[in-house]
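Coordinates in review
These are the residues of each chain, in order.
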Amino acid sequence: MKAPGLEIAIQRASRAAHIPPDARLRAWARAALARRASVTVRYVAEAEGRRLNREFRGKDYATNVLTFVYEAAPRGPLSGDIVICAPVVAREARAQGKDVRAHHAHLLVHGLLHLQGYDHEIGSEAARMERRERAILARLGFPDPYGERRSAPLEATG
């Protein structure tokens, strides 16, 4: 089965050295998408992450990933932005005993699933989303992000 078409722009407003290379981000994005999409992935520093979370979600702290959906027609291509806060990713990976690269992959997949309509506000939807995340990450060679050191649910929304 051929992977869906992907137009992806990657922006680096953070200079964090642990941000994966563009080719790797593109490969992870392709693995997470079930249909055509036009996506901007923007890596930000703490101040921008906090500002965006405050402005769009009313929460005054930098969160790990935000998803902004622009076009979500039932059958047409998806369009949106995924914003990942690099310092939060590094902090969470350390605190959870995870490889930072695996955490980057998880957050990108998580954000892209939100773009495709997945959610984790309701228990059954959260379980469905987590199953999908686990399957995609396993195909990419990453461990279960919800394994033994399970943290609070991710907050990616938008």
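Predicted model, so just to flag it, every value in this text is computed and none were measured. (Residues numbered from 1 in each chain as written. Predicted model: local features only at pLDDT ≥ 70, side-chain atom pairs only at ≥ 80, totals over all residues. Heavy atoms only, no water.)

**A word on the packing of helix α3 (residues 86-96) against helix α4 (residues 100-115)**
Condition: The axes are straight lines fitted to the C-alpha atoms, using for helices just the contacting stretch, and the angles between their N-to-C directions are given from 0 to 180°. For the purposes of this entry, the term helix denotes a DSSP run of H or I that reaches at least four residues, the term strand denotes a run of E that reaches at least two, and both are numbered from the N terminus. By definition in this entry, angles of less than 35 degrees are roughly parallel, angles greater than 145 are roughly antiparallel, angles of 65 to 115 are roughly perpendicular, and the rest are oblique. Crossings are classed by handedness, with left-handed meaning an anticlockwise turn of the near helix from the far one by less than a right angle and right-handed meaning a clockwise turn. Two residues qualify as a contact provided that any one of their heavy atoms is within 4.5 Å of a heavy atom in the partner residue. When residue character is reported, Ala, Val, Leu, Ile, Met, Phe, Trp, Tyr, Cys and Pro are called nonpolar, Asp, Glu, Lys and Arg charged, and the others, Gly included, polar.
Where α3 meets α4, the axes come as close as 9 Å, and the angle between the chain directions of the two elements is 120°. One finds that α3 runs oblique with respect to α4. Every pair of crossing elements has a handedness; the one defined by α3 and α4 is right-handed. Contacts between α3 and α4 pair Val-89, Ala-90, Glu-92, Ala-93 and Gln-96 from the former with Val-100, His-103, His-104 and Leu-107 from the latter. Per-class residue counts for the contact of α3 with α4 are 5 nonpolar, 3 polar and 1 charged.

**Focus: the pattern of salt bridges**
Convention followed: Any carboxyl oxygen of Asp or Glu within 4 Å of a side-chain nitrogen of Lys or Arg constitutes a salt bridge here. Residue exposure (1.4 Å probe, protein chains only): buried if accessible area is under 20% of the type maximum, exposed if over 50%, otherwise partly exposed.
Following the criterion strictly, the structure yields 9 salt bridges and no others. We note a salt bridge from Glu-46 to Arg-91, for which the minimum N-O separation is 3.0 Å. Note that Glu-46 is positioned in helix α2 (residues 46-57) and Arg-91 in helix α3, a separation of 45 residues in sequence. Under the relative-accessibility criterion, Glu-46 is labelled partly exposed at 30%.

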